[in-house]
Every structure is written in structure tokens, then in C-alpha cells.
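Results of the structural survey
The residues making up each chain are set out below.
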Amino acid sequence: MLTKNQMAEIEISDITVDGLGVGRVDGMAVFVADMLPGEKGDIKIIKTAKNYAVGRSESVTEVSPEREVPVCKVFRECGGCTLQHLSYIGQLGIKHERVKSCMEKIAKCPVPVNFPLPAKQPLRYRNKTAFPVHRGENGVEIGCYKAHSHTVVDAKVCFLQSERADVCVEAVRRWMQEYDVPAYDETTGEGLVRHVVVRVTSYGDIMVALVINGTVIPHQRELVRALRLNVPEILSILLNTNRERGNVILGRETQVIFGTDRLVETIKGLDFSISLHTFLQVNHAQTELLYTQVLKFAKIFPDEVVADLYCGAGTISLLAAQLAQKVVGIEIVPEAVADARANAQANNIENAEFLLGDCAEIFPQILEKEGRLDVIIADPPRKGMDARVIRAISDSAAKRLVYVSCDPATLARDTALLMEQGWAAQVCQPVDMFPQTTNIETVLLFSREA
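Residues numbered from 1 in each chain as written. Predicted model: local features only at pLDDT ≥ 70, side-chain atom pairs only at ≥ 80, totals over all residues. Heavy atoms only, no water.

1. So, the sheet that holds strand β19 (residues 400-405)
Keep this limit in mind: Two strands make a pair as long as DSSP finds a minimum of two bridges between them. Helix and strand labels come from DSSP, where a helix needs a run of H or I of at least four residues and a strand needs a run of E of at least two; each type is numbered from the N terminus. Axis geometry follows a simple rule: fit a line to the C-alpha atoms, using only the stretch in contact for helices, then measure angles between N-to-C directions, giving values from 0 to 180 degrees. Note on definitions: a residue-residue contact is assigned when non-hydrogen atoms from the two residues lie within 4.5 Å.
The 7 strands lie next to each other as β17-β16-β15-β18-β19-β21-β20, forming an open sheet whose pairing is mixed. Each edge of the open sheet carries a strand with a single partner, namely β17 (352-356) and β20 (424-431). Across the sheet, the mean angle separating the axes of adjacent strands is 15° when strand polarity is ignored. With 7 bridges joining them, β20 and strand β21 (residues 441-447) adopt antiparallel strand pairing. Within β21, the residue paired with Val427 across the bridge is Leu445. Each of β16 (326-331) and β17 is contacted by helix α6 (residues 334-346), which is oriented at about 165° to β17, the strand it contacts most. Contacting β15 (305-309), β16, β17 and β18 (375-378), helix α7 (residues 359-370) crosses the sheet at an angle of about 160° to β16.

2. Structural notes on helix α1 (residues 88-105)
Residues spaced three or four apart along an α-helix face the same direction, because each turn holds 3.6 residues. Defined as follows: Working rule for helices: expected span equals 1.5 Å times residues minus one. For the exposure calls, accessible area comes from a 1.4 Å probe over protein chains only, and a residue counts as buried if that area is under 20% of its type's maximum, exposed if over 50%, partly exposed in between.
Compared with an ideal rise of 1.5 Å per residue, which puts 18 residues at 26 Å, α1 spans 26 Å between its outermost C-alpha atoms and is within 8% of the ideal. By the burial criterion, the buried members of α1 are Tyr88, Gly90, Gln91, Leu92, Lys95, His96, Val99, Cys102 and Met103. Those residues of α1 that are buried lie in contact with α9 (408-420), β20 and β21.

3. Details of the pairing of strand β5 (residues 52-62)
Here strand β3 (residues 28-32) pairs with β5 via 4 bridges, running parallel. Its bridge partner lying in β5, Val32 is registered against Gly55. Where strand β4 (residues 40-48) lies against β5, 8 bridges are found, and the strand directions are antiparallel. The partner of Lys40 across the bridge, within β5, is Glu62.

4. What about the sheet that holds β3?
Pairing within the closed barrel is mixed, and its 5 strands lie in the order β1-β2-β3-β5-β4. Geometrically, the sheet is characterised by an average inter-axis angle of 50° between neighbouring strands, direction not taken into account. When strand β1 (residues 7-15) meets strand β2 (residues 21-25), the two strands line up antiparallel, connected through 3 bridges. Within β2, the residue paired with Asp14 across the bridge is Val22.

5. Observations regarding the UniProt feature "domain: TRAM" (unreviewed entry) in the protein
We apply this condition: UniProt positions are given in the numbering used here, feature names are shortened, and annotations may be inferred rather than shown by experiment.
Feature annotation in UniProt places "domain: TRAM" (unreviewed entry) on residues 1-59, given in this structure's numbering. Split by type, residues 1-59 is 0% helix and 61% strand. Its first and last C-alpha atoms lie 22 Å apart.

6. Regarding the domain arrangement of the protein
Rule in force here: What fixes the domain bounds is an automatic or database domain assignment.
We note that the domain assignment places domain 1 (7-62), domain 2 (94-120 + 283-448) and domain 3 (128-267) within the protein. When each unit is reduced to the centre of its C-alpha atoms, the spacing between domain 1 and domain 2 is 37 Å.

7. Thoughts on the UniProt feature "active site" (unreviewed entry) in the protein
The UniProt feature table records "active site" (unreviewed entry) at Cys406. Topologically, Cys406 is positioned in the loop between β19 and α9. For Cys406, the residues in contact, after removing those within four places along its chain, are Arg382, Ile440 and Glu441.

8. Comments concerning the packing of aromatic side chains
Spelled out, the test is: Ring geometry is summarised as follows: Phe, Tyr and Trp rings, the Trp one being its six-membered ring, pair when their centres sit within 6.5 Å, and such pairs are stacked at plane angles under 30 degrees, edge-to-face over 60 and tilted between the two. Here, over-ring charges are defined by two tests on the NZ atom of lysine or the CZ atom of arginine: distance to the ring centre within 6 Å, and angle to the ring normal within 35 degrees.
According to the stated counting rule, one finds 1 aromatic pair in the structure shown. Residues Phe31 and Tyr52 carry aromatic rings whose centres are separated by 5.8 Å and whose planes lie at 70° to one another, so their mutual orientation is edge-to-face. With Phe31 in strand β3 and Tyr52 in strand β5, this pair connects stretches of sequence that are 21 residues apart. Using a relative accessible area of 23% as the deciding quantity, one classes Phe31 as partly exposed. Taking relative accessible area as the criterion, Tyr52 reaches 29% and is therefore assigned partly exposed. The side chain of Arg194 reaches across the aromatic face of Tyr184, ending 4.2 Å from its centre.

Printed below as a string of C-alpha cells:
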């Protein structure tokens, strides 16, 4: 039995979704930060539990050839990245093994899993970031939370977001310090500025929003002046009100203090109007690669009817509509449905319809109204699909299902359920949407006989 403060030797055999190395000491699983698979070293046990222990690396005696020096100075404190100490090809290998393991162990499915499609830009790829704000001993702190905590790790540079976004965040920091604007305190519920959100399009247009515990801010004109002076590409400066206690970043009420409330992003030739609340994948280049893969798997013919479940603002729906006879999208968020309808109109696409509601309730209505479905595309949230949705999908006569997932574990769980309903998993293609992290986007093609 391991005890706290015990010294031990360990060899790391795997890595967790949090980026912790995993090895065994005296038969017990031990999790160690900043150690990679294949590495050996000396650790100190700092926590013990019934079935596992946590160790702290004291020295690494055998170093992985894939180890790299992180570019970020606060990498080991910050919870925003988990794999900066691993080469990019090593990151892809870890993600590939994770998807394969989930398919084999959870889904019990021998589906071929291709190697992840890599990002051409493993750093500076995010088009949206939301940084918490805190008043520390040395002034305003803006950054990411430390892993498994709400402690803000102050960072003047984030290597996942654009350099222009760094400049925006720094301008907000200086403005808060110069005019003594109070940061929000989670423990008391007092203070004003909670988060700084920055959105950057592929054109370089920028939106900056301050999430505040109120409706007005002091020295508003000075804030606008500071942002515009430092970043001329800013087209939108917003205030978003969120007075609720909890982890949800954005409130429902947003006001414009400069420019417009929307930007335009182009994805595979179509223009999409995006607001502060609009969901888009955070990596533009990989989004286009992901959607290309979705359409390749869907193999849509001109006379086919397509259902797009969890359609959001209609990005996949409208791309599919260029190939299909008709596309029907379903989304439970009213603002997203409104965006989808507006985007269809803006792109002169008339064969796409968007319905508001829960997929489990609305999907059977599509079957009744349309008479048939040929292809189903589903891009559910991280928790995966409701069992009722899986049953409804299986009640349709669709021949092909393309499942887009951001969590291999829930994808594998749903794969097992779909296989029970007669679907056959054909091929799985991971797409690396999130370099420097353990997260991976995956596209899985299912088919069945009509």
C-alpha cells in the first residue's frame, strides 16, 4: 500500500485526458503531471486514495524522444493546455490511440480508425477565447483557470489565440488598472468585470466583449479608445451582462458600445453571420477540413433528403443543401435557429429548413412530413445523443449516418447503441481541432441496408 511522501520509481505507460502520465507502483495506478509515456523517473507520492495515487515528478531518468520545451511560460500552472511538452506528432499519436481504445473497449467495435488529420497551425489557431478576470495581489490577472480549480493563472500571452487577441486582452488589463475598474470576485459575488471574450474571423475582423456583473461600466469611452488605438481591426465592442453565480460565462443581455453586434465568417464559400453567442468550431482551418470530411462520408446525391441534427447556426446544413434535394435542420437553441434561417437567406439557399425543438421530439415529425430520409448528419454536444434520438434515427429508412463528436467516449457509447439498432460502423476519421490539448474531433460513418 502506497503512503503519502513515499518515494518510488515509475515508468509511464499512458496519458489521461487531463494530460497526466499514468504508471503503476506496487500494482496501483499512479498519476503524475509532466511525465510522458515511455519515460521513467523518481516520484514522490503526494496523495493516496483507495484505487489510485498521485505522484510528483522529482527526476526523469529516461526522457521520451517526443518531449519538447513548452513555448508558454505558465504551461505547467495553466489548465488551458495539457500537451505542450509533447511533440505535435506525439500528440496526434496519443489522440489516435485514445479514439481506437474507446472504440475497442467501450463500443466493442473493430471499425478502422484513421490517423488524425493534422492541423497546419498547431499554435495560434483559436478564433474565440474567454478569459476569466481576477484581482490579484499584483493587480489585474487575466488568463485561464489552473487545472481543476477556479484560480486564475495570469498570462500576458496565450499561444493558442491570435497575437491580435493578446493585444486586446492587454488593453483591457491596462484600462482596468488605470481606472481602478473592479474585477469580479466569485466568492462574494461582488465586483464588475468577469470575463474578456475575444473573437477573430479568418479575415482578421475582431469582436471584444466584456462580461460584467452589471449593465454599465465606468470610463466606457476610454475603454473603446484604448481598444481601437491598439487594434484597428476591431469591428465590435460589446458588454454582456451576467449576474448569475455559477460557471456559465455569458448572460443573455448584450449591448453594443462600439460598431456592430455581428461579424461575418466564411466557411467553404458560404458566409455566416456570427454573434457573441453563436457557436462555431474554434479552429477555422480545421473546421473546413472537418466539414469536407463530413460531406465526403455523407456522399449526398441531388435527389436525397438530409436531416442535420443539433444543427446550430446551420453551417453543415447549408453546405449539405448545396448537394441535396432538401436539408432539414433541428436545433433546441432559439437564437441558433434564427441565425440558421438568416444564414440560409443571406446565401440564397432555399432548400434548407430549420426547426426549433428537441431532436427526440422533432425528428419523428420530419419523417412524417418528408416521407423519407436518405442521409442523417448528427453533431451533438459532448454528452452525446439521447437514447430516444438513437431509436428515432433507427426508425427512419436512412441509409447513411455521419456522426460528428468531440468526445470519443460518448461517441463509442452511442456507437454500441447504434450497432444494436442495425447500424454498421464503416470508418472513423479523427480531425485535430485542438492542438496542445488531449481533445479530438471525430467523424464516424455508419451505414445499413434500407
